[in-house]
Amino acid sequence: MPEDLAESLGRKESGHAKGEDEKKTMHEIQSRFSECAEENLRKGWLIATGWKSETELTVVEEFAFFHVIGQVAVTRTYKINGTEVTMTEEKIVKTTKSIVP
């Protein structure tokens, strides 16, 4: 659930999955790809790519940066157990092929 929607519904915790840390992810992107500074972030997209199993959803968050050819794709797997969502895997790669149609 988007953070702003979760907060407006009075369920701020619903906007976060256990194990997920956006600041850590952005720091990891910057440490691997120095040209991808947060202040140069142009656009971000989040797309669910499919179910890995009955309880595991895979999503890709794609970041585009000004003055950078290509984009950074962050693939995450989330395990869903009732109302609890936990990030179980995260992979960061730079790519020239966009996931956005």
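Scroll up to find the structure this text is about.
Conventions adopted
Residues numbered from 1 in each chain as written. Predicted model: local features only at pLDDT ≥ 70, side-chain atom pairs only at ≥ 80, totals over all residues. Heavy atoms only, no water. Core = buried A, V, L, I, M, F, W, Y, C linked by side-chain atoms within 4.5 Å. Buried < 20%, exposed > 50% of the residue type's maximum accessible area, 1.4 Å probe, protein only. Helix = DSSP H or I, 4+ residues; strand = E, 2+ residues; numbered from the N terminus. Contact = heavy atoms within 4.5 Å. Pairing = 2+ DSSP bridges. Arc of directions from axis to C-beta. Axes fitted to C-alpha atoms, helices over the stretch in contact; angles between N-to-C directions.

### Quick notes on the nonpolar core
So, step 1. Residues Met26, Ile29, Phe33, Cys36, Phe63, Phe65, Val68, Val72, Val74 and Ile92 constitute the largest nonpolar core, which totals 10 residues.
So, step 2. The set of elements that each furnish at least two residues to this core consists of helix 2 (22-32), strand 2 (56-65) and strand 3 (71-81).
So, step 3. In this view, phenylalanine 63 contacts Met26, Ile29, Leu41, Lys43, Gly44, Gln71, Val72 and Val74; residues no more than four positions away in its chain are not counted.
So, step 4. In terms of nonpolar packing, the next biggest core, distinct from the first, is built from five residues, Leu57, Val59, Tyr78 and Met87 among them.

### So, the pairing of strand 4 (residues 84-95)
So, step 1. Pairing between strand 3 and strand 4: 11 bridges, direction antiparallel. Note that in strand 4 the partner of valine 74 across the bridge is isoleucine 92.
So, step 2. The hairpin formed by strand 3 and strand 4 contains two residues between the paired strands, and glycine 82 there has a positive phi angle of roughly 65°.

### Looking at the pairing of strand 2
Two faces make up the sheet, and in a regular strand the side chains alternate between them.
So, step 1. Counting buried residues along strand 2, nine of its 10 residues qualify, which places the element largely inside the surrounding structure.
So, step 2. Sheet analysis places strand 1 (residues 41-53) next to strand 2, joined by 10 bridges and oriented antiparallel. In the strand pairing of strand 2, glycine 50 is matched with threonine 58.
So, step 3. Here strand 1 hands over to strand 2 after two residues, the two strands then running antiparallel side by side.
So, step 4. Looking at chain direction, strand 2 and strand 3 are connected through eight bridges and run antiparallel. Directly across from threonine 58, in strand 3, lies its bridge partner threonine 77.

### Here's the deal with helix 2
So, step 1. All of the buried residues along helix 2 are Thr25, Met26 and Ile29. Around the axis of helix 2, the buried residues are gathered within 95° of arc, so they sit on the same side. Facing away from the buried side of helix 2 by more than 90 degrees, the exposed set consists of Lys23, Lys24 and His27.
So, step 2. Contacts made by the buried residues of helix 2 are with strand 1, strand 2, strand 3 and strand 4.

### Some words on the sheet that holds strand 2
So, step 1. Here four strands make up an open sheet; going across it, the order is 1-2-3-4 and the pairing antiparallel. Only two strands of the sheet have a single neighbouring strand rather than two, namely strand 1 and strand 4. With direction set aside, neighbouring strand axes in the sheet form an average angle of 20°.

### A word on the environment of glutamate 38
So, step 1. With respect to the secondary-structure elements, glutamate 38 resides in the loop between helix 2 and strand 1.
So, step 2. Along the primary structure glutamate 38 and phenylalanine 65 are separated by 27 residues, whereas in three dimensions their C-alpha atoms are 8.2 Å apart.
So, step 3. With near-sequence residues (within four places) excluded, glutamate 38 lies in contact with Met26 and Gln30.

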